[in-house]
Amino acid sequence: MIWNKGKECMSRDELADLQGKRLVSLVKYMYRSAAYYRTKMKNLGMEPGDIRGIEDLGKLPFTTQEDLAEAYPSGVYAMQGRKIAQFYALNQLSGNGMTTGFTQKDLEVWRECMARSLTMANLGKKDVLQTTCRCGESGCLEARCGADKIGAAALPVTVDRPSAVIGLMQKLRVTGIVSTPSSLLRVAQIVEERGLRNSLRLKAALCGGEAWTECIRKKIQEKLGAKVYDIFGLNALTGLGVACECGHQSGMHVQEDFFLAEILDTHTLLVLPGGIEGELVFTTLQKEGIPLIRYRTMHMTKINYAACGCGRTTARIDRICEGTDDVFFIRGNSVFALQIESALAGLYDIRASYTIYIRREHNLDVVDVCISGEQPDRADVVKRVRNAVGSVIGIRPNIRFAQNAAAKKAVWTGRAAGEGSVTIVDERRFFRK
Ligand SMILES: [Zn+2]
């Protein structure tokens with residue numbers, strides 16, 4: 001089943017034409033409404049008329065998270081009389097107060113993306129869709145909107161008590177789930193331990209919101225007896241549903257009439273052809289609230305433009321396994337290396353070097369902070385380092401002391417107080433897939 005054949009199966013030429021027209025309007029809209037973007041274009045000596053189609057995309061400047069933070073909020077919201085219908089707080093754990101906003105039309109685009117995604121997972125009006133997202137995440141809402149659009153029943157629950165989640169799955173004969181992979185894996189483990197698999201009616205699960213692997217997918221599928229689909233979204237774009245896998249499970253179809261994807265070489269800043277890994281960059285072709293042009297997502301992936309066996313012609317991106325070298329995904333949150341560095345540099349009276357290991361234990365992300373350097377009051381250091389790092393990464397790190405901590409495979413290095421250094425090792429990057 002394909003939700004919107006007209007858009008999901010159009011020829012690549014027709015699609016490029018549609019994308020080009022939408023890009024031209026978007027640039028005009030941004031130039032009129034978003035001060036930070038107008039300034040950027042003026043600094044490059046550009047005017048909206050310089051963009052005549054998709055072939056001119058490369059002339060436009062990139063947008064980074066730093067750009068948005070700098071321009072936030074007045075220069076970002078391109079409202080022009082358009083009312084923001086819903087706001088979402090971004091990076092709630094880091095407490096930077098950034099929000100994103102959606103107009104009614106943006107929410108309709110989101111619903112359409114979710115309807116297409118749920119249909120890819122073979123869900124329809126007879127299904128009961130459970131959303132097991134953490135409280136406050138937009139995932140619950142978008143799944144509910146999507147369920148509504150395809151006529152399925154929606155059942156939002158929190159993930160705090162997997163037993164309660166399973167109880168509801170049984171009672172209400174849940175057939176579809178939207179969840180983070182780590183939450184669903186916990187549910188799947190309990191289902192297996194208690195031998196409940198045959199008491200469930202589950203046929204499809206859509207997992208997204210954090211980095212995961214093919215091995216985890218296989219485990220969840222086995223334990224739950226359901227097919228598991230990869231789904232992608234970013235709150236800065238439009239939550240979940242920007243891209244989703246079809247039944248062929250070979251890459252996530254991007255909703256290219258709304259989101260124009262490019263893959264960037266992070267060193268040369270040149271656009272890469274299909275099949276080569278680089279940073280995923282998106283232009284939101286139809287967004288009104290906070291539109292983004294060539295937004296650098298800091299996610300690394302590849303893109304595949306070949307037609308898919310399902311009949312859809314939209315390009316597919318690979319599962320997102322990791323971020324660029326200065327951003328890390330820890331239990332679904334993106335954490336900048338610089339945030340960790342500045343938290344540790346703030347402990348100016350502690351003379352130490354820190355090696356931070358991010359690894360996976362029982363399929364959950366775990367962070368160890370290894371401190372080297374003589375410390376007269378170790379208990380005090382442990383407490384303060386744990387608080388400083390914990391407030392940035394959103395989970396409680398393990399702290400240990402070691403002289404000359406081995407820092408092979410460092411992916412990022414920075415400075416701590418005094419002569420100290422901060423080294424980050426993401427061990428998950430070396431055993432993925
Ligand atoms: Zn497909």
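Cut-offs applied
- Residues numbered from 1 in each chain as written.
- Predicted model: local features only at pLDDT ≥ 70, side-chain atom pairs only at ≥ 80, totals over all residues.
- Heavy atoms only, no water.
- Helix = DSSP H or I, 4+ residues; strand = E, 2+ residues; numbered from the N terminus.
- Buried < 20%, exposed > 50% of the residue type's maximum accessible area, 1.4 Å probe, protein only.
- Contact = heavy atoms within 4.5 Å.
- Areas by Shrake-Rupley, 256 points an atom, 1.4 Å probe, with all protein chains shown as cover.
- Salt bridge = Lys/Arg side-chain N within 4 Å of Asp/Glu carboxyl O.
- Pairing = 2+ DSSP bridges.
- Axes fitted to C-alpha atoms, helices over the stretch in contact; angles between N-to-C directions.
- Parallel < 35°, antiparallel > 145°, perpendicular 65-115°, else oblique.
- Nonpolar A, V, L, I, M, F, W, Y, C, P; charged D, E, K, R; others polar.
- Donors = N, O, S within 2.8 Å, 3.2 Å for Na, K, Ca; no water.
- Tetrahedral: all angles 85-135°; square planar, octahedral: opposite > 155°, others 65-115°.
- Arc of directions from axis to C-beta.
- Core = buried A, V, L, I, M, F, W, Y, C linked by side-chain atoms within 4.5 Å.
- Right-handed = clockwise from strand over helix to strand, strands pointing away.
- Phe/Tyr/Trp six-rings, centres within 6.5 Å; stacked < 30°, edge-to-face > 60°.

A.B. asks: In this structure, what is going on with the overall build of the protein? I would like to understand it.
C.D. replies: Assigned secondary structure in the protein consists of 11 helices and 22 strands. Counting across all 433 residues of the protein, residues that qualify as buried make up 57%. Excluding contacts between residues fewer than 6 apart, the proportion of contacts in the protein whose partners are at least 24 apart in sequence is 65%. In the structure as shown, the protein presents an accessible area of about 18,600 Å², 50% of it carried by carbon and sulfur atoms.

A.B. asks: Explain the pattern of salt bridges here, please?
C.D. replies: Pairs can form between side chains of opposite charge whenever their charged atoms are close. Taken as a whole and judged by the stated rule, the model has 26 salt bridges. The shortest N-O distance in the salt bridge between Arg217 and Glu245 comes to 2.9 Å. Taken together, the positions of Arg217 in helix α9 (residues 214-224) and Glu245 in strand β8 (residues 239-245) put the pair 28 residues apart, joining distant regions of the chain. Three or more residues are tied together by salt bridges with common partners; here these are Glu108, Arg111, Glu112, Arg116, Lys149 and Asp257.

A.B. asks: I would appreciate a short explanation of the sheet that holds strand β14 (residues 316-317) in the present structure.
C.D. replies: Across a sheet, strands are paired by hydrogen bonds formed along the backbone, either parallel or antiparallel in direction. Strand order in the open sheet formed by nine strands is β4-β3-β5-β6-β7-β8-β9-β14-β13, and the pairing between neighbours is mixed. Both edges of this open sheet fall to β4 (153-157) and β13 (303-304), since each of them pairs with a single strand only. In this structure, strand β6 (residues 204-207) lies alongside strand β7 (residues 227-234), joined through four bridges in parallel fashion. Bridge assignment links Cys207 to a residue of β7, and that residue is Asp230. Sheet strands touched by helix α7 (residues 162-171): β3 (128-132), β4 and β5 (176-179). Its angle to β3, the strand with the most contacts, is close to 175°. Of the strands in this sheet, β7 and β8 touch α9, which is tilted by about 130° from β7.

A.B. asks: How should the packing of helix α2 (residues 12-33) against helix α3 (residues 35-43) be read in this particular structure?
C.D. replies: Helix-helix packing is characterised by the crossing angle of the two axes and by the distance between the axes. Interaxial distance between α2 and α3 falls to 6 Å at its minimum, and their mutual angle equals 105°. It follows that α2 is roughly perpendicular to α3 by the angle criterion. Contacts between α2 and α3 pair Val27, Met30, Tyr31, Arg32 and Ser33 from the former with Ala35, Tyr36, Tyr37, Arg38, Met41 and Lys42 from the latter. Considering only residue class, the contact of α2 with α3 consists of seven nonpolar, one polar and three charged.

A.B. asks: What exactly am I supposed to notice about the coordination of the zinc ion here?
C.D. replies: In an ideal octahedron of six donors the angles at the metal are 90 or 180 degrees, and in an ideal tetrahedron of four donors they are 109.5 degrees. Looking at the metal site, the zinc ion is ligated by Cys246 (SG), His253 (NE2), Cys308 (SG) and Cys310 (SG), spaced 2.1 to 2.3 Å from it. Its four donor atoms give the zinc ion angles of 103 to 115° at the centre, a pattern that matches the tetrahedral case. Mapping the donors of the zinc ion onto the primary sequence gives the spacing C-x6-H-x54-C-x1-C. Within this pair, whereas Cys246 is found in the loop between β8 and β9 (252-254), its partner Cys310 is found in the loop between β13 and β14, the two being separated by 64 residues in sequence.

A.B. asks: Explain α7 to me, please; I cannot follow it from the model alone.
C.D. replies: Think of an α-helix as 3.6 residues a turn; residues three or four steps apart then line up on the same face. Turning to α7, its buried residues are Pro162, Val165, Ile166 and Met169. Projected down its long axis, α7 shows its buried positions confined to an angular sector of 95°, all on one face. Looking at the buried positions of α7, the neighbouring elements they touch are β3, β4, β5 and α8 (181-193). Among the residues trailing α7, Arg173 stands out with phi positive, at a value near 50°.

A.B. asks: In this structure, what is going on with the nonpolar core? I would like to understand it.
C.D. replies: Taken as a class, soluble globular proteins show a tendency for nonpolar side chains to be buried jointly. Judged by nonpolar contacts, the single largest core of 41 residues is most densely connected at Leu60, Phe232 and Phe282. When residues of this core are traced back to their parent elements, those giving at least two are α2, α3, α5 (104-120), β7, β8, β9, β10 (259-264) and β11 (278-284). Beyond its immediate sequence surroundings of up to four residues, Phe282 is in contact with Phe232, Leu237, Val242, Val254, Phe259, Leu260, Ala261, Leu292, Ile293, Arg294, Tyr295 and Thr297. Of all hydrophobic cores here, the second largest spans 30 residues; its members include Ile330, Ala352, Val367 and Val381.

A.B. asks: Hey, could you run me through the pairing of β7 in this one?
C.D. replies: Among the eight residues of β7, seven are classified as buried, and the element is accordingly described as predominantly covered. For the segment spanning β6, α9 and β7, crossover handedness is right-handed. Sheet topology note: the β7/β8 ladder contains four bridges and is antiparallel. Note that in β8 the partner of Phe232 across the bridge is Ala243. Connecting β7 to the antiparallel partner β8 that follows it, the hairpin turn spans four residues.

A.B. asks: Help me understand the packing of aromatic side chains, please; the structure alone is not making it clear to me.
C.D. replies: What characterises a pair of aromatic rings is the spacing of the ring centres plus the angle enclosed by the ring planes. Counting across every chain of the model gives five aromatic pairs. Ring centres of Tyr36 and Tyr37 lie 5.8 Å apart, and the angle between their planes is 80°; on these two criteria the pair is classed as edge-to-face. By relative accessible area, Tyr36 is classed as buried at 10%. Note on Phe102 and Trp110: the rings are 4.8 Å apart at their centroids and 35° apart in plane angle, and the pair reads as tilted. For Phe102, a relative accessible area of 1% gives the class buried. Residue class for Trp110 comes out buried when judged on its relative accessible area of 2%.

A.B. asks: What should I look at first to understand the sheet that holds strand β22 (residues 421-426) in this one?
C.D. replies: Across the sheet, five strands lie side by side as β20-β19-β18-β22-β21; this open sheet has mixed pairing. Edge strands, defined here as strands with exactly one partner in the open sheet, are β20 (398-401) and β21 (412-415). Neighbour-to-neighbour, the strand axes of this sheet turn through a mean angle of 20°, independent of strand direction. Across the face of the sheet, helix α10 (residues 337-345) comes into contact with β18 (353-361), β21 and β22 while running at roughly 30° to β21. Against the sheet, helix α11 (residues 378-393) contacts β18, β19 (364-372) and β20, and its axis sits at roughly 140° relative to β20.

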